[in-house]
Amino acid sequence: GENGDSSYLVGNTNGPTFETGGSSDPLGVSEDIAYSGNGDGFVVKFESPDIRVTPTNVKIVGVPGTTTTRTIVISNAGTAQLNVLPMTPLQAPFSIAPLNPGAILVQGQVTLTLSFTPSSSGTYIATPPLIIASDDPDQPLIIVSITGKS
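Each chain has its residues counted from 1, following the order in which its sequence is written. At least 70 in pLDDT is required for a residue's local features to be given in this predicted model, at least 80 for side-chain atom pairs to be given and counted, and no such filter applies to totals for whole chains, interfaces and linings, which use all residues. With hydrogens and water set aside, each side-chain value is computed from the structure's full complement of heavy atoms.

Caption draft 1: Geometry of the confidence of the model for the protein chain. Confidence of the prediction at every residue is given by pLDDT, a number between 0 and 100. When pLDDT is averaged across the protein chain, the result is 82; 70% of the residues are at 70 or more. Contact definition: two residues touch when any of their heavy atoms are within 4.5 Å. With pLDDT under 50 throughout, residues 1-31 is counted as low confidence; its partners more than four residues away or in other chains account for 65 contacts.

Next up, the structure:
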């Protein structure tokens, strides 16, 4: 999530007697949890992916009949693997590749290439915009608005 790594002191124990496993919070978000104890208390650490998309507002200028490209970077600032779902192709004169970024490791990233190939002069708006869906627990959808001018 957007807040990154979080640990909480949640109780006392005489040692690390808790097992690692999955848990669901009250909102139904499943996260892996790691427990540690030292006799004074134990800490529950929630591991989760944290998506970052740069930029989320793209303005691209091109020349009719030619292709101009820009990059959009999807990165994972979280503490667990981020899984990005396949994206819907953009409508012409825009295109995006790869359409299926897949898994992004912790602190990893994937670079998308946005192409703009206008056939005539004018202003173009990607409708619908680029929608990036993932298993980030607090930002499952990122919307990237795209405008092209030629």
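Caption draft 2: Looking closely at the packing of aromatic side chains. Two rings from Phe, Tyr or Trp (for Trp, the six-membered ring) form a pair when their centres are within 6.5 Å of each other. A pair whose planes differ by under 30 degrees is stacked, one over 60 is edge-to-face, and the rest are tilted. On inspection of all chains with the given rule, the structure shows two aromatic pairs. Ring centres 5.2 Å apart and planes at 20° place the aromatic pair Phe-94 and Phe-116 in the stacked group. Here the residue Phe-94 occupies a position in strand β9 (residues 94-97), and Phe-116 occupies one in strand β11 (residues 109-116), the gap between them amounting to 22 residues. Judged on exposure class, the residue Phe-94 and its partner Phe-116 are both buried. Ring centres 5.8 Å apart and planes at 70° place the aromatic pair Phe-116 and Tyr-124 in the edge-to-face group. Of the two residues examined, Phe-116 and Tyr-124, each falls in the buried class. Taken together, the ring pairs connect Phe-94, Phe-116 and Tyr-124 into an aromatic cluster. A helix here means a DSSP run of H or I that spans at least four residues, while a strand means a run of E at least two residues long, and both kinds are numbered starting from the N terminus. Accessible area is worked out with a 1.4 Å probe on protein chains only. A residue is then buried under 20% of its type maximum, exposed over 50%, and partly exposed in between.

Caption draft 3: Molecular detail of the sheet that holds strand β7 (residues 68-76). Any two strands with at least two DSSP-identified bridges between them are counted as paired. Within the open sheet, the four strands sit side by side as β5-β7-β11-β9. Their pairing is antiparallel. The open sheet terminates on both sides in strands that have one partner only, identified here as β5 (51-54) and β9. Ignoring which end each strand starts from, the neighbouring axes of this sheet average 20° apart. Across four bridges, the pairing between β5 and β7 is antiparallel. Bridged to Ile-51 within β7 is Asn-76. The angle between two axes is taken between their N-to-C directions and runs from 0 to 180 degrees, where each axis is a line fitted to C-alpha atoms and a helix contributes only its stretch in contact.

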